[in-house]
Amino acid sequence: MKDLTGKIILMIIAKNKFRDEEYLEPRKALEDAGAVITVASSSLNMSEGMLGLKVKPDVLIGNVKEEDFDGIVFVGGGGAKEYFDSPVAHALAKAFFEHGKLTSAICIAPATLANAGVLKGKKATAFPSSVAILKSQGAVVTSKPVVVDGTVVTATGPEAAKQFGQELIRVLGGK
């Protein structure tokens, strides 16, 4: 396994209704590889996942500085829609992407990357309900569960969460 000691990864969750597995699986994989995780959200109140997991965010998304992190992971789940049109989320996604850092999203969250302009011309995947958004923003959509295109990693949903985590490690360790 690649050693990610010293890498700091930002995970963005919805203030409510993030998808538990899409948070837990990648987080566990990244931490097991040595990375440190910081969780950001639009609220510092306890966030609740769709299956009941409770997570206390470390920082407000609006207070995040891209230069403090090695990669970003937008976690899916129904609540992730709150970032689809968020100028703050878009600015973060663009900054990570433009600086050649890991820029990733799972489930419906790739729509945030698409709306930020990050997926234009990139191979990507998403939960079926978000595919139209990806296509409308110029992504080359595939039906694979996890897609890696350069430093951009996207995945379809909870069933792909474990593989998503492994690809995040591979991309982060490939530098």
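It should be emphasised that the depicted structure is a prediction, and the values quoted were computed from it without experimental measurement. (Residues numbered from 1 in each chain as written. Predicted model: local features only at pLDDT ≥ 70, side-chain atom pairs only at ≥ 80, totals over all residues. Heavy atoms only, no water.)

Attention now moves to the sheet that holds strand 12 (residues 152-155). Here we have 7 strands laid out as an open sheet, ordered 6-3-1-7-8-12-11, and mixed in their pairing. Each edge of the open sheet carries a strand with a single partner, namely strand 6 (59-60) and strand 11 (146-149). Looking at chain direction, strand 7 (residues 71-74) and strand 8 (residues 102-106) are connected through 4 bridges and run parallel. Each residue of the ladder has a partner; that of G71, found in strand 8, is L102. On top of the sheet, helix 2 (residues 87-98) reaches strand 1 (8-12), strand 7, strand 8 and strand 12; it is set at about 140° to strand 7, its chief contact. (Pairing = 2+ DSSP bridges. Helix = DSSP H or I, 4+ residues; strand = E, 2+ residues; numbered from the N terminus. Contact = heavy atoms within 4.5 Å. Axes fitted to C-alpha atoms, helices over the stretch in contact; angles between N-to-C directions.)

Take the environment of E66 next. In this structure, E66 sits in the loop between strand 6 and strand 7. Here the side chain of E66 touches H99 through a polar contact of 3.2 Å, side chain to side chain. (Polar contact = N/O pair within 3.5 Å; in protein donor to acceptor, adjacent residues only side chain to side chain.)

Let us look at the pattern of salt bridges. Tallied over the full model, the rule gives 7 salt bridges. Residue E66 pairs with K101 through a salt bridge whose shortest N-O separation is 2.7 Å. Taken as a pair, E66 in the loop between strand 6 and strand 7 and K101 in the loop between helix 2 and strand 8 lie far apart in primary sequence, 35 residues in all. K101 carries the same exposure label as E66, and that label is buried. (Salt bridge = Lys/Arg side-chain N within 4 Å of Asp/Glu carboxyl O. Buried < 20%, exposed > 50% of the residue type's maximum accessible area, 1.4 Å probe, protein only.)

Interaxial distance between helix 1 (residues 20-32) and helix 5 (residues 161-173) falls to 8 Å at its minimum, and their mutual angle equals 40°. Overall, the two elements helix 1 and helix 5 adopt an arrangement that is oblique. When the axes of helix 1 and helix 5 are compared, the crossing they make is right-handed. Each of E21, E22, E25, P26, A29 and L30 in helix 1 lies in contact with helix 5, whose residues at this interface are A161, K162, F164, G165, Q166, L168, I169 and L172. The class makeup of the residues in the contact of helix 1 with helix 5 is 8 nonpolar, 2 polar and 4 charged. (Parallel < 35°, antiparallel > 145°, perpendicular 65-115°, else oblique. Left-handed = near helix turned anticlockwise from the far one by under 90°. Nonpolar A, V, L, I, M, F, W, Y, C, P; charged D, E, K, R; others polar.)

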